[in-house]
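Geometric and topological summary
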Amino acid sequence: MLRELKKNIYAVGVQDWDRRLFDELIPLPHGTSYNCYLVKGSQKTALVDSVDPARYQELLANLAEHQVKALDYIVCNHAEQDHSGSIGFLAEKFPQATVVTNEKCKGFLMDLLHIPENRFQVVKDGDTLSLGDKTFEFILAPWVHWPETMFSFLREDKVLFSCDFLGSHLATTDIFACDDTVLEGAKRYYAEIMMPFRSSIVKHLQKLEAMDIDLIGPSHGPVYKKPFHIVEAYKDWSSEQVRNEVVIPWVSMHGSTEAMVKHLTEALVKRGISVKPFNLTKTDTGELASSLVDAATVVLATSTALVGPHPQGLYAAALVGALRPKTKFLGIIGSYGWGSKAVETIKSLLTNLKAEVLEPVYIKGAPRKEDFEALDKLADSILEKHKTLGLL
Ligand SMILES: Cc1cc2nc3c(=O)[nH]c(=O)nc-3n(C[C@H](O)[C@H](O)[C@H](O)COP(=O)(O)O)c2cc1C
């Protein structure tokens, strides 16, 4: 498929309409794409990133459609295999091509893909590469997801190739982002991939804001035209600003914890707080992650199974701990039968968060009147905490 972004700049990646799971972990309700970009300068031709190795033949077909007989440079912004995985094949197919990347990424490509050292040209932050009438400027962006990530900026055309940063998992025939579905997908993607690196994200957003950018070509999902508000959205998501919302990931084997979640949800709603309960056995991990982006409070709710939290509760606690949302308050509720270490285990998994842990409501068996009252008190306390943040 021939898709032109600007004169002599083409999207030559592939759409993966049917993929439904990423990293054996993240559900992909709308599929995804592996974007890469062909840049034809007056003297040299470069390819920015590649595609998942399973789709290499489609990339070759796209290059053939552009009558690409030789590549001078293969720019690698990120070593993760869904972008870099075809670079080894490309290096064999185009023996004169140089792989252009930073020192750290070079190391990854040598380890992950066994690309020989003599194929590389190493660039540092701010270095440039001329294709004749087009010039790349490289911007190192460590810990925007991986330690070796970088962006490539085409100066004359003002096109930023941002790899995973600002991307979305979305297969589409539209080359340019044109509706809110993209933003929804981008938020989910931010939550799943970028959120743990929030402090690094903030720094790099500031860098991008100071630049004159016309188009942003990420490595998943459609390309953003400058007016599109992806950078503004990222600023909001990565800021300290939270919403008057409580997210409750929950699991219940025999209904006790479920009754507690129901009661707490209603108590919070009565107090003017919006609530997103997620039944962990049915929920989509991406939706849960997305909801964590800006909720002021998370309450983990789980029954006890074999001393600790139920495995689904354990997973949710590990996920919240790993994604490091900006959540300000944490609650723990649930039920046990004879002895439980669920509260301690959950707390230990959440130490990554800079959140205040509220008094847990962890009860024996099915909730009684006094347990519901304790949940009302928890709702009161969440209300007070949200008020102190000026959320209502
Ligand atoms: C498979 C299984 C394992 C359990 N292991 C424990 C345990 O180690 N310690 C404990 O106190 N209760 C244990 N229980 C009891 C439940 O935690 C208890 O019945 C609780 O009230 C269930 O809450 P729920 O109705 O929300 O599932 C276990 C129950 C099941 C079904």
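Attention here is on the structure that accompanies the text. Within any chain, residue numbers begin from 1 and follow the written order of that chain's sequence. Two thresholds apply to this predicted model, a pLDDT of at least 70 for residue-level local features and 80 or more for giving and counting side-chain atom pairs, whereas whole-chain, interface and lining totals are computed over all residues. For the side-chain quantities, the full set of heavy atoms in the structure was used; hydrogens and water were omitted.

**Some details on the nonpolar core**
Among the buried residues, those of types Ala, Val, Leu, Ile, Met, Phe, Trp, Tyr and Cys that are joined through side-chain atoms within 4.5 Å form a nonpolar core. Only protein chains enter the accessibility calculation, which uses a 1.4 Å probe; a residue is then buried when its area is under 20% of its type maximum, exposed when over 50%, and partly exposed in between. In this structure, Phe165, Leu166, Met194, Tyr224, Ile230 and Tyr234 are the most contacted members of the largest nonpolar core, which totals 60 residues. Comment: elements are numbered from the N terminus, with helices defined as DSSP H or I runs of at least four residues and strands as E runs of at least two. At eight residues, helix H5 (residues 180-194) tops the list of elements feeding residues into this core. Every residue pair with non-hydrogen atoms within 4.5 Å of one another is taken to be in contact. For Leu166, the contacting residues outside a window of four places in its chain are Leu205, Leu208, Ile216, Pro218, Tyr224, Ile230 and Tyr234. Among the nonpolar cores identified, the runner-up in size contains 26 residues, and Tyr10, Tyr34, Leu63 and Ile87 belong to it.

**Re the pairing of strand E19 (residues 274-279)**
Here, strands pair whenever DSSP counts at least two bridges between them. Where strand E18 (residues 243-251) and E19 come together, six bridges link them in parallel fashion. If you follow Val247 over to E19, its bridge partner there is Lys276. By convention, a crossover is right-handed whenever its connection, traced from the first strand over the helix to the second and viewed with the strands pointing away, goes clockwise. In terms of handedness, the path from E18 via helix H8 (residues 256-270) over to E19 forms a crossover that is right-handed.

**Here's the deal with the packing of H5 against helix H7 (residues 230-238)**
Throughout, an axis means a line fitted to C-alpha atoms (over the contacting stretch in the case of helices), and angles, computed between N-to-C directions, take values from 0 to 180 degrees. Closest axis-to-axis distance for the H5/H7 pair is 11 Å, and the angle between their directions is 45 degrees. Here H5 is positioned oblique relative to H7, judged by the angle of their axes. Like other packed secondary-structure pairs, H5 and H7 cross with a definite hand, here right-handed. Counted together, Leu183, Ala186, Lys187, Tyr189, Tyr190 and Met194 of H5 and Ile230, Ala233, Tyr234, Trp237 and Ser238 of H7 form the full contact between these two elements. Under this grouping Gly is polar, as are all residues other than the nonpolar Ala, Val, Leu, Ile, Met, Phe, Trp, Tyr, Cys and Pro and the charged Asp, Glu, Lys and Arg. Residue composition of the contact of H5 with H7, by class: nine nonpolar, one polar and one charged. When describing relative orientation, an angle under 35 degrees is termed roughly parallel and one over 145 degrees roughly antiparallel, while 65 to 115 degrees is termed roughly perpendicular and anything else oblique. Take the far helix as your reference; a near helix turned counterclockwise from it by less than a right angle gives a left-handed crossing, and one turned clockwise gives a right-handed crossing.

**Quick notes on the side chain of Asn102**
Among the structural elements, Asn102 can be located in the loop between strand E10 (98-101) and helix H4 (103-113). Residue classification places Asn102 among the buried residues on the basis of a relative accessible area of 4%. Each polar contact in these results corresponds to two N or O atoms within 3.5 Å; when the atoms are within protein, one needs to be able to donate a hydrogen and the other to accept it, and residues that are neighboring in sequence are counted only if both atoms are side-chain atoms. Among the polar contacts made by the side chain of Asn102, one reaches the main-chain carbonyl oxygen of Glu148 at a distance of 3.0 Å. When sequence neighbours within four positions are dropped, the list of residues in contact with Asn102 reads Val122, Val123, Leu140, Glu148 and Met150.

**Overview of the packing of aromatic side chains**
Pairing of aromatic side chains here covers Phe, Tyr and the six-membered ring of Trp, requires ring centres within 6.5 Å, and sorts the geometry by plane angle: under 30 degrees stacked, over 60 edge-to-face, intermediate tilted. Here the structure, examined in full by the defined rule, presents 12 aromatic pairs. Each ring, one from Tyr56 and one from Phe89, has its centre 5.0 Å from the other, and the planes form 45 degrees; the classification is tilted. Of this pair, Tyr56 sits in helix H1 (residues 56-65) while Phe89 sits in helix H3 (residues 87-93); the two residues are 33 residues apart in sequence, bridging distant segments of the chain. Judged by centre distance (5.2 Å) and plane angle (80 degrees), the ring pair of Phe165 and Tyr234 falls under edge-to-face. Separated by 69 residues along the polypeptide, Phe165 in the loop between strand E15 (159-163) and H5 and Tyr234 in helix H7 bring together distant segments of the chain. This pair shows no difference in class: Phe165 is buried, exactly as Tyr234 is. Grouping aromatic residues by their ring pairs yields a cluster made of Phe151, Phe165, Tyr190, Tyr234 and Trp237. Note on geometry: a ring has a charge over it if NZ (lysine) or CZ (arginine) is within 6 Å of the ring centre and within 35 degrees of the ring normal. The positively charged end of Lys225 is found above the aromatic ring belonging to Phe176, 4.5 Å away from the centroid.

**Focus: the site of the ligand**
What surrounds the ligand is a group of 17 residues, the closest being Met253, Thr257, Thr304, Val307 and Ser335. The contact in question runs from an oxygen atom of the ligand to an N or O atom on the side chain of Thr257, over 2.7 Å. For the ligand, an oxygen atom lies 2.6 Å from a polar atom in the backbone of Thr304. Only the protein chains shown count as cover for residues, and the accessible areas themselves come from Shrake-Rupley with a 1.4 Å probe. Protein burial of the ligand: of its 640 Å² of free accessible surface, 80% is covered by the chains. Of all elements in the fold, only H8, strand E20 (295-305) and strand E22 (329-336) reach the threshold of two or more residues within the shell around the ligand. Residues are classed as near a molecule or strand on a simple rule: at least one heavy atom within 4 Å of it.

**A short note on a negative patch on the surface**
On the surface, Asp174, Asp179, Asp180, Glu184 and Glu287 cluster together into a patch of negative charge. Positionally, Asp180 belongs in helix H5. Using a relative accessible area of 55% as the deciding quantity, one classes Asp180 as exposed. The patches reported here contain residues having more than 30% relative accessible area and no salt bridge. Joining distances are 9 Å for like charges and 5 Å for nonpolar side chains (Val, Leu, Ile, Met, Phe, Trp, Tyr). Put simply, a salt bridge is a Lys or Arg side-chain nitrogen that is within 4 Å of an Asp or Glu carboxyl oxygen. For this count, His and the chain ends are skipped, Lys and Arg are scored as positive, and Asp and Glu as negative. Positions of charges follow a simple convention, taking NZ of Lys, CZ of Arg, CG of Asp or CD of Glu.

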